[in-house]
Amino acid sequence: MVFETLDHTGHEQIVYCHNKDAGLKAIIAIHSTVLGPALGGTRMWNYATEQEALDDVLRLSRGMTYKNAVAGLNLGGGKAVIIGDASKDKSEALFRAFGQFVESLGGRYITAEDVGIDVNDMEYVYRETEYVTGVHQVHGGSGDPSPFTAYGTLQGLMATLNKKYGDEEVGKYSYAVQGLGHVGMEFVKLLKERGAKIFVTDINPKLVERAVDEFGAEAVGLDEIYDVPADVYSPCALGGTINEQTLDRLKAQVICGAANNQLANNAIGDEVQRRGILYAPDYAVNAGGVMNVALELDGYNRERAMRMMRTIYHNLGRIYEISDRDGIPTYQAADRMAEERIEKIGKLKLSMGRGTPRFQGRIRGN
Ligand code: NAD
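Position labels on residues start from 1 in each chain and follow its written sequence. Side-chain atom pairs in this predicted model are given and counted only at pLDDT of 80 or more, local residue features only at pLDDT of at least 70, and totals for whole chains, interfaces and linings cover all residues. In computing side-chain values, all of the structure's heavy atoms are included and hydrogens and water are not.

## A closer look at the pairing of strand 1 (residues 13-19)
Here is the rule we go by: We call two strands paired when DSSP finds no fewer than two bridges between them. Strands here are runs of E lasting at least two residues and helices are runs of H or I lasting at least four, both read from the DSSP assignment and numbered beginning at the N terminus.
Pairing of strand 1 with strand 2 (residues 24-32), which is carried by seven bridges, proceeds in the antiparallel orientation. Residue pairing for strand 2: cysteine 17 is matched across the bridge by alanine 26. Hairpin connection between strand 1 and strand 2: a loop of four residues separates the two successive antiparallel strands, and glycine 23 in this loop has a positive phi of roughly 70°.

## Some words on helix 11 (residues 302-309)
Applied cut-off: Relative accessibility thresholds used throughout: buried, under 20% of the residue-type maximum; exposed, over 50%; partly exposed, between the two (1.4 Å probe, protein chains only). Here the arc refers to the directions that run from the helix axis out to each C-beta atom. Only heavy atoms enter the contact rule, under which two residues are in contact if any of them lie within 4.5 Å. What qualifies as a polar contact is a pair of N or O atoms within 3.5 Å, subject to a donor-acceptor requirement within protein and to the restriction that residues adjacent in sequence count only when both atoms come from side chains.
Regarding helix 11, the residues found buried are Ala305, Met308 and Met309. In a view along the axis of helix 11, the buried residues occupy a sector of 100°, so they form one face of it. Pointing more than 90 degrees away from the buried face of helix 11 are the exposed residues Glu303 and Arg307. In this fold, the buried residues of helix 11 make contact with helix 5 (146-165), helix 10 (288-294) and helix 12 (311-326). Where helix 11 begins, one side-chain oxygen reaches toward the backbone nitrogen of glutamate 303, 2.8 Å away; that side chain belongs to asparagine 301.

## A look at the pattern of salt bridges
Operational definition: For salt bridges, the criterion is a side-chain nitrogen of Lys or Arg within 4 Å of an Asp or Glu carboxyl oxygen.
Applying the stated criterion to the full structure yields 26 salt bridges. Two residues, aspartate 248 and arginine 275, come together in a salt bridge whose shortest N-O distance is 2.8 Å. In this pair, aspartate 248 is assigned in the loop between strand 10 (232-235) and strand 11 (254-255) and arginine 275 in the loop between helix 8 (266-274) and strand 12 (278-279), connecting sequence segments 27 residues apart. Residue aspartate 248 is classed as exposed on the basis of its relative accessible area of 58%. With a closest N to O distance of 2.8 Å, arginine 275 and glutamate 271 form a salt bridge. For arginine 275, a relative accessible area of 35% gives the class partly exposed. Within the structure, one salt-bridge network assembled from shared partners comprises Arg43, Asp56, Arg59, Lys79 and Asp114.

## Quick look at the sheet that holds strand 9 (residues 218-219)
Backbone hydrogen bonds are what pair the strands of a sheet, in a parallel or an antiparallel way. In plain terms, the rule: All axes here are fitted lines through C-alpha atoms, helices being fitted over the stretch that makes contact, and every angle between N-to-C directions spans 0 to 180 degrees.
A sheet is described by the order of its strands in space; here six strands give the open sequence 9-8-7-10-11-12, paired in parallel fashion. At either end of the open sheet lies a strand with only one pairing partner, and these are strand 9 and strand 12. As paired strands, strand 11 and strand 12 are joined by two bridges and run parallel to one another. Within strand 12, the residue paired with isoleucine 255 across the bridge is tyrosine 279. Lying over the sheet, helix 6 (residues 182-193) contacts strand 7 (174-178), strand 8 (197-201) and strand 10, oriented at roughly 170° with respect to strand 7.

## Looking at the site of the ligand
To keep it simple, the criterion reads: The cutoff for a nearby residue is simple: one of its non-hydrogen atoms must lie within 4 Å of the molecule or strand. Note on areas: these come from Shrake-Rupley sampling with a 1.4 Å probe, and a residue is covered only by the protein chains present in the view.
Inspection of the region around the ligand gives 20 residues, with Thr149, His182, Val183, Asp202 and Ala237 positioned closest. Contact between the ligand and histidine 182: an oxygen atom at 2.6 Å from a side-chain N or O atom of the residue. Residue aspartate 202 places a side-chain N or O atom 2.6 Å away from an oxygen atom belonging to the ligand. For the ligand, the protein covers 73% of the area, taking 830 Å² as the surface of the free molecule. Where the shell around the ligand is concerned, the elements lending two or more residues are helix 5 and helix 6.

Structural data, given as structure tokens:
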């Protein structure tokens with residue numbers, strides 16, 4: 001059964017991690033190491049069934065292959081899930097046991113934080129293995145990726161405006177920003193600095209208040225965000241918000257935001273394209289976070305990180321070229337760009353031998 005699934009998904013390796021004493025039940029999925037070691041976060045979630053955990057890790061690890069490839073990183077795709085309740089099942093032993101499994105893969109998989117995991121958990125993982133990013137800044141870690149993600153989203157936005165309107169004057173357009181968390185608020189700040197008109201919403205009224213007071217945004221209701229007269233809809237909260245119910249309501253001709261999995265399904269992606277709305281593929285736009293942690297591998301440097309964020313502009317431009325070249329929706333063009341890079345660079349790497357991660361910037365010790 002499992003191998004049948006893997007034939008279909010193309011995964012290289014699945015590792016079931018078990019340590020009874022530490023209460024560890026985890027799955028590491030390595031989808032591809034063609035471009036380099038498989039990088040992707042660890043999620044801790046109280047999955048109802050083991051099958052649910054397996055399905056999630058297979059889906060997420062495959063997504064990382066595409067994201068890392070489009071981001072231009074020399075990294076493959078992987079992901080891990082720890083089965084458990086993040087609010088009560090965490091312990092030093094659990095994360096150290098998990099770290100030992102990561103270490104046993106000798107660098108084929110490099111982990112990071114994801115839902116349910118924070119930098120303190122990663123500190124324990126780091127005691128057992130070097131193959132971890134997102135560690136504390138005192139060890140050469142990169143810290144909170146959100147400002148980078150927001151800045152990267154701005155780069156993606158500029159490329160998208162350029163494609164749609166032939167200019168990149170962010171301040172000329174109006175925006176509907178959904179979600180004012182770590183990324184959303186920073187994005188609003190960047191938009192405001194460029195003089196844009198901004199509509200905002202969030203379930204947390206304090207955040208809305210801040211966006212209004214500090215950045216002159218106009219507050220609207222949670223559901224109203226789909227109806228405002230904005231040129232750009234910018235989802236920065238949840239996934240699946242572009243769906244059968246919302247698409248008819250959107251006035252925006254451009255969709256560009258940081259949230260993951262914005263399209264409810266592929267059919268919606270096709271319909272967005274058919275209506276002439278330009279959709280900036282989410283995983284290409286929000287790659288700032290992964291770019292930032294990837295830089296930890298050969299010595300983190302903030303300036304390099306900011307420079308790297310600017311490559312998102314070119315990545316989006318390339319996606320739109322492929323979309324035009326092949327007559328396909330932009331969400332498909334992003335996947336194609338990833339596949340083409342894996343194919344081309346993969347061949348090159350095979351002939352030259354694969355690189356191993358270096359971790360030059362790391363300072364060991366507790
Ligand atoms: P966050 O949790 O800090 O912020 C999310 C915000 O959305 C919160 O303020 C929350 O109150 C709000 N929200 C939730 N449901 C909402 C709703 N129905 N309507 C309006 N607002 C709602 O998360 P974040 O780190 O800012 O990430 C935002 C999105 O970007 C997520 O989808 C995340 O997966 C994605 N992303 C983040 C990063 C990063 O660097 N943080 C990188 C890549 C992708």
